[in-house]
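Geometric and topological summary
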Amino acid sequence: MTPKALDSYTVFCYIFGIYQIKRTYAKMLKSQADIVVIGGGILGCSIAYHLAKAGMTDVLVLEKEALTHGSTWHAAGVIGQLRSSKNLSRMLQHSVKLYEVLEEETGHASSWRRTGSIRTASTPQRMLELHRSCGMAKSFDLEAEVISPTEAREMFPILETEGLLGALYVPSDGVADPSMITQSLAAGARKHGVIFKQGENVTGFDRRDSRIHAVRTDQGEIECRIVVSAAGVWARQLGMKMGVSLACCGVEHQYLITEAVAGLTSDMPSLRDPDLSLYYKPESNGLLVGCWEPDTIAFDNDPIPGSFAQQLLPSNMERFEPYLEAAMKRTPVVGEVGIREVINGPIPFSADGDTVMGPIPGLDNAYIASGCVIGIASGGGIGKMMAQWIIEGESPVDLWPVDSRRFGPHHARKDFLYPRAIEIYGEHYTLRPPGTEYQSARGLRVSPFYHQLKERGAVFGSKFGWERPNWFATNGMDPVDAPSYERPNWFEPVGEEHREVRRNVGVLDLSTFSKYEIYGPDALAVLQYLTVRDLDKPVGSTMYTQFCNSRGGIEADLTITRIAEDRFYLVTGSGNGIRDMEWVRRKGKAKGDRFSVEEVTSKFGVLLVTGPNAPALLQSLCGEEAIQPALGGGTCTLLDVNGVEARALRLSFAGEPGWELHACAEYCQHLYKSLRGGGGDFGIRDFGYRALDSLRLEKGALYWGSDITPDYNPYEAGLGFCVDLDKGDFIGRDALLKISQTGPERKLRAFTLDKSVCAYGNEAFIHNGKIIGTTTSAGFGYTIDQTIVYAYVPIDAKQDDAYEVEVYGERVAAAWQNKRDLTIPV
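Cut-offs applied
- Residues numbered from 1 in each chain as written.
- Predicted model: local features only at pLDDT ≥ 70, side-chain atom pairs only at ≥ 80, totals over all residues.
- Heavy atoms only, no water.
- Helix = DSSP H or I, 4+ residues; strand = E, 2+ residues; numbered from the N terminus.
- Rg over C-alpha atoms; globule rule 2.2 N^0.38 Å.
- Contact = heavy atoms within 4.5 Å.
- Expected span 1.5 Å × (residues − 1).
- Bend = angle between axes of the 7 residues up to and from the residue.
- Buried < 20%, exposed > 50% of the residue type's maximum accessible area, 1.4 Å probe, protein only.
- Salt bridge = Lys/Arg side-chain N within 4 Å of Asp/Glu carboxyl O.
- Axes fitted to C-alpha atoms, helices over the stretch in contact; angles between N-to-C directions.
- Parallel < 35°, antiparallel > 145°, perpendicular 65-115°, else oblique.
- Left-handed = near helix turned anticlockwise from the far one by under 90°.
- Nonpolar A, V, L, I, M, F, W, Y, C, P; charged D, E, K, R; others polar.
- 1 Å grid on protein atoms, 1.4 Å probe; cavity = no way out; pocket = protein on both sides within 12 Å on 5 of 7 lines; lining within 4 Å.
- Points joined across faces, edges and corners; volume = space filled by probe spheres on them.
- pLDDT = per-residue confidence, 0-100.
- Pairing = 2+ DSSP bridges.
- Core = buried A, V, L, I, M, F, W, Y, C linked by side-chain atoms within 4.5 Å.

**Focus on the overall build of the protein chain**
Scanning the protein chain from N- to C-terminus turns up 19 helices and 40 strands. A globule of 826 residues ought to have a C-alpha radius of gyration of about 28 Å, and the protein chain, at 28 Å, matches this closely. By its C-alpha atoms, the protein chain is 95 × 75 × 55 Å across when sized along the principal axes. Across the protein chain, every contact between residues at least 6 apart in sequence was considered, and the portion connecting residues at least 24 apart equals 73%.

Below you can see the structure in the form of structure tokens.
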């Protein structure tokens, strides 16, 4: 190298070095960042780590005190992977895969230990649950087996097996020190360029319309493109500063740590005894014993003091004592050693007990990951999912059970949030047979027909805060649910309702549907871009359609009616409105901003009138001439039903002739009275949602959230008839065009079981002896007198292959039904 070249190279290095120093100094001062993550617990550190690994290096993490000093530091650190859905389990499986290599990657000890876990059963009902869980685990590619009490004691020698019937063993579960694993994630994030600012408290936000432009702290203002709240028990208070209501909270949780136990080692499995509401984590210096007691205390009902950090709450041994006595019976050694410490600390929780993650409704550039009661177990997976969601603008897989958009404003109100959270907390390990309803915060929202239906024996369930009729008690029955793992008390009444709809006519209150009107000069263009179906139809047309994501997965399943040239009426599921309208608000702007969205859910009550005699019933009330325009499929007609103007949408989820009658709320009681009066000659029958589920299973109607989700496309689900590829550009068109050309890789099929068993969905599904997934829906078809299940099978599967469904550990043969309507004779 020549002297001149050397001088130039030296100058370059000098300039570049100064640039790097200034850049690093600016990042440390940090008045601007691409992404700001608020919260230095395990979720915040994991999100930052995964964002940086994906190439998003301009990430700043703000922590008001020090990393882990919220709830993370006092977490138990028990890491299980089995959850109620495939994607949630896969998310936790990612946590384990990450934790196994994290220390090697970051150079910071993670403390992860693969110990396995044991879950015991003391009742026949609990054994049924374990068998079901074992089948689900295998369908999620998670190794699990049901073992005997003796085998459980061999792994966990301090266990008293009296009264135990068996246990579920998951060998790949483990434990970790929460602070160490979080610091390991933070070390990995720093290696990829993430800046952490500790001791900086968020005081507010610069919000303009639906965007956060900057985060305000006690040390200045930080401009940002995206903000992520991972604030744990502070998430609700932080949401208030953003101007949004979040269904997150904090509750007290207790566990104790004993003195050292002879023979106890840290590589023994963790153990849960749900029948005693206990869990254990062995350590070399003692045994951690925790419980989920009823009537815990809300932590953030009042504002959390700003100085609260790495602190505990006063222990409540009166609340803990019954569980300590139970622990002495299940593990007698607990009564023989001293208690070294009792931990009572706040943990994040939510209005339904599950994580709250995803985009924050009402904001264009804000996300949340909080309310997570199993933060250490799910931290790695949540970080990965959130990073992909933030970068791509769409959830990478179906995460509806933890999606932030599943909540409405009422979920965040204190009168709902805390009673429901405390009830769910206390029932964390409680057996909940299918159909079990929560009892707290009930009666919040009722339809215009509520009192009339209650007088007629309606037994209500709760959905999105609404009371809606599940079934009707008849013949002197008490109008009370008695759920069971076998046939519940509503089995026969629901069968009567089902059969009356099939042979005559029934009426069902559908008022809880979420309903919106979208209007304005760009309304048609926006909806054409969002939906797979061509909506440019005459006024009065009702269209069944879907929103799809860029992969072609189904994000929403809804009906849209054109009620004017520039006005559309959208009807979607009771709990799906926030999610669907956020999709419209965020995605629709790509095709114009001259449109408005108005929620009209409470404005209209809805009655479904359906059955072979539904046309005759409406004709008797409206007149033959008036009913004629409403007879055509896919129509919306204004009908005068005995003085009540109703939008009559010609469709029925029950698969029989029928209409949804949408009428202004103040007229609804008269509408119901008129239908019952006019239906007297027909013997009109009230029916509920349980009968509707049975009716739709026989007719091939699909539920969003189980049969169809963002993981499935319309061609796989048999909804290709909804896709109009030649209508122009729409979200998912490229993916769907490719699928239409190459064909789907799997198809949703209906099967009937050879044996009458109680299946409810999520059972392991077996093809030619191999578990290939789970059922998407299941129930009893009263017309065909058989149990029906839906499941996705490979496209090359054949009708005469061997199929089975594992129902509570028993494999039952299933027959492929090569037709959508199972009531049609072969």
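From this point, the narrative continues.
**A word on helix α12 (residues 491-503)**
When the terminal C-alpha atoms of α12 are compared, their 19 Å separation across 13 residues agrees well with the 18 Å that a helix rising 1.5 Å per residue should span. In this fold, the buried residues of α12 make contact with β22 (466-472), β23 (506-509), β29 (604-610), β33 (685-686), α18 (689-699) and β37 (777-781).

**What about helix α9 (residues 375-392)?**
Under the 1.5 Å per step criterion, the end-to-end length of α9 is 24 Å for 18 residues, consistent within 8% with the ideal 26 Å. At Gly-381, α9 shows its maximal bend, which comes to roughly 35°. Of all 18 residues that make up α9, 14 are buried, and the element is covered over most of its length. With its phi angle positive at about 80°, Gly-393 sits one or two positions after the end of α9.

**Details of the pattern of salt bridges**
On inspection of all chains with the given rule, the structure shows 50 salt bridges. One salt bridge in this structure joins Arg-685 and Glu-496, with 3.4 Å as the shortest N-O distance. Of this pair, Arg-685 sits in strand β33 while Glu-496 sits in helix α12, and the two are 189 residues apart along the sequence. Judged by its relative accessible area of 29%, Glu-496 is partly exposed. Of the charged contacts, one joins Glu-804 and Arg-811 as a salt bridge, the two residues approaching to 3.9 Å between their closest N and O atoms. Here Glu-804 falls in the partly exposed class, since its relative accessible area comes to 25%. One network of salt bridges, in which partners are shared, links Asp-364, Glu-582, Arg-585, Arg-586 and Lys-589.

**Thoughts on the packing of helix α15 (residues 614-622) against helix α17 (residues 668-678)**
One way to put it is that α15 packs onto α17 with a least axis distance of 10 Å and a crossing angle of 110°. Comparing their axes, α17 and α15 come out roughly perpendicular. In this structure, α15 meets α17 at a crossing whose hand is right-handed. Of the residues in α17, those in contact with Leu-617, Leu-618, Ser-620 and Leu-621 of α15 are Ser-674, Leu-675 and Gly-678. Considering only residue class, the contact of α15 with α17 consists of four nonpolar, three polar and no charged.

**Digging into the layout of surface pockets**
Over the atoms, a rolling probe the size of a water molecule traces out where space has been left empty. Considering only enclosed or pocket space, the second largest pocket measures out at about 520 Å³ in volume. Around the second largest pocket sit 26 residues that line it, and Pro-361, Phe-407, Pro-409, Ile-578 and Glu-582 are the ones nearest its centre. A per-element tally of the lining of the second largest pocket places helix α14 (residues 577-588) first, with five residues. Residue classes in the lining of the second largest pocket are distributed as 13 nonpolar, nine polar and four charged.

**Remarks on the environment of Ala-791**
Within the fold, Ala-791 resides in strand β38 (residues 786-794). Of the residues examined, Ala-791 reaches a relative accessible area of 0% and is grouped as buried. It is 9.7 Å that separates the C-alpha atoms of Ala-791 and Glu-763, two residues lying 28 residues apart in sequence. Residue contacts for Ala-791: discarding those within four places in its chain leaves Lys-747, Leu-748, Arg-749, Phe-751, Phe-765, Thr-774, Thr-775 and Thr-776.

**A short note on the confidence of the model for the protein chain**
Put simply, the protein chain has an average pLDDT of 95, and 96% of its residues get 70 or more. Considering only residues more than four positions removed or in separate chains, one finds that residues 1-6, a stretch of pLDDT under 50, has one contact.

**Examining the sheet that holds strand β31 (residues 644-649)**
As summarised here, the arrangement of the six strands in space is β30-β31-β32-β29-β23-β33, forming an open sheet in which the pairing is mixed. Taken across any chain shown, the strands that pair with only one partner, and hence form the sheet edges, are β30 (636-641) and β33. One ladder, built from six bridges, connects β30 with β31; its direction is antiparallel. The residue of β31 that forms the bridge with Leu-638 is Arg-647. With respect to the sheet, α15 is in contact with β29, β30 and β32 (658-664), its orientation differing from that of β30 by roughly 55°.

**A closer look at the nonpolar core**
Nonpolar side chains tend to gather and get buried jointly when the protein is soluble and globular. With 54 residues, the main nonpolar core has Val-36, Phe-205, Val-215 and Val-227 as its most contacted residues. Here this core takes six residues from helix α10 (residues 414-426), the largest share from any one element. Counting 47 residues, the second largest nonpolar core, distinct from the first, contains Val-59, Leu-88, Ile-181 and Ala-387.

**Digging into the sheet that holds strand β8 (residues 174-175)**
In spatial order, the strands read β3-β8-β4; together these three strands make up an open sheet with antiparallel pairing. Here the strands that pair on one side only, and so sit at the sheet edges, are β3 (78-79) and β4 (113-114). Where β3 meets β8, two bridges bridge the pair, whose relative direction is antiparallel. Along β8, the bridge assignment pairs Val-78 with Val-175.

**Here we look at the packing of helix α2 (residues 42-53) against helix α3 (residues 86-106)**
Where α2 contacts α3, the axes come no closer than 14 Å and their chain directions differ by 75°. On the basis of the axis angle, α2 is roughly perpendicular to α3. Residue-level contacts link Ile-42, Tyr-49, His-50 and Lys-53 of α2 to His-94, Leu-98, Tyr-99, Leu-102 and Glu-105 of α3. A per-class count over the contact of α2 with α3 returns five nonpolar, two polar and two charged.

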